[in-house]
Amino acid sequence: MFDEANDARVVVPMCPNGRLETLNMVLERKNALEIASTLCQLKRPRSDDIIRGALKVLFVSIVEKIRSLDPELKSFVNINSREDLARLQPRCVDGPATKKSQVELGFAASCRIGEP
């Protein structure tokens, strides 16, 4: 993801089913600190809110890079309990999202607390 970043402020892995893996993002430090500060002031605790606050976001398909190392995409298994560990069900194996895409969210990045 670091290699893919270029001028994107946030790089987010995206599963084939469109699900975003927001706990594994690459963030531009300065921009991320500004966004995190604003989110704290707004009392917004969700990691995916960082995406909404970034000027340029790159969604990288995990299939392109990871499937050759992890064919069943078990690297992205959500384990919160012993039962989850016993099941080891991949979260995102099938779907149409298999390429990367970049979006520019200019309005979200230009807004600051106290400004119109």
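See the structure above.
Calculation notes
Residues numbered from 1 in each chain as written. Predicted model: local features only at pLDDT ≥ 70, side-chain atom pairs only at ≥ 80, totals over all residues. Heavy atoms only, no water. Core = buried A, V, L, I, M, F, W, Y, C linked by side-chain atoms within 4.5 Å. Buried < 20%, exposed > 50% of the residue type's maximum accessible area, 1.4 Å probe, protein only. Helix = DSSP H or I, 4+ residues; strand = E, 2+ residues; numbered from the N terminus. Contact = heavy atoms within 4.5 Å. Expected span 1.5 Å × (residues − 1). Arc of directions from axis to C-beta. Pairing = 2+ DSSP bridges.

Draft legend 1. Seen up close, the nonpolar core. By size, the foremost hydrophobic cluster in this structure holds eleven residues: V10, V12, M14, M25, I35, L39, I50, I51, A54, V57 and F59. Elements that contribute at least two residues to this core include exactly β1 (10-14), α1 (29-41), α2 (49-53) and β3 (56-61). Considering every element that reaches this core, the biggest residue donor is β1, with three residues. Those residues in contact with V12, other than ones at most four positions away along the chain, are M1, L20, E21, T22, M25, I51, V57, L58, F59 and V60. If you look at the next biggest cluster of nonpolar residues, it comprises six residues, including A5, A8, V11 and V26.

Draft legend 2. Region of the structure containing α1. End to end, α1 covers 18 Å across 13 residues, agreeing with the expected 18 Å (1.5 Å per residue, within 8%). Buried within α1 are the following residues: N31, A32, I35 and L39. Taken around the axis of α1, the buried residues stretch over an arc of 95 degrees, which confines them to a single face. Along α1, the residues that are exposed and aim more than 90 degrees away from the buried face are R29, K30 and C40. Where the residues of α1 are buried, they touch β2 (26-27) and α2.

Draft legend 3. Local environment of unusual backbone geometry. One non-glycine residue, N6, lies in positive phi territory at about 45 degrees. Relative to the helices and strands, N6 is located in the segment before β1. Given the relative accessible area of 72%, N6 is considered exposed. Phi angles above zero are rare outside glycine, and K43 is one such case at about 55 degrees.

Draft legend 4. Highlighting the environment of I51. Relative to the helices and strands, I51 is located in helix α2. For I51, a relative accessible area of 7% translates into the label buried. In this structure, the C-alpha to C-alpha distance between I51 and M25, residues 26 residues apart in sequence, is 9.4 Å.

Draft legend 5. Spatial organisation of the pairing of β3. Of all six residues in β3, six are buried, a share of seventy percent or more. Burial along β3 is two-sided: K56, L58 and V60 and V57, F59 and S61, pointing in opposite directions, are all buried. By the bridge criterion, five bridges tie β1 to β3 in an arrangement that is parallel. The residue of β3 that forms the bridge with P13 is V60.

Distances and angles like these do not, on their own, reveal function.
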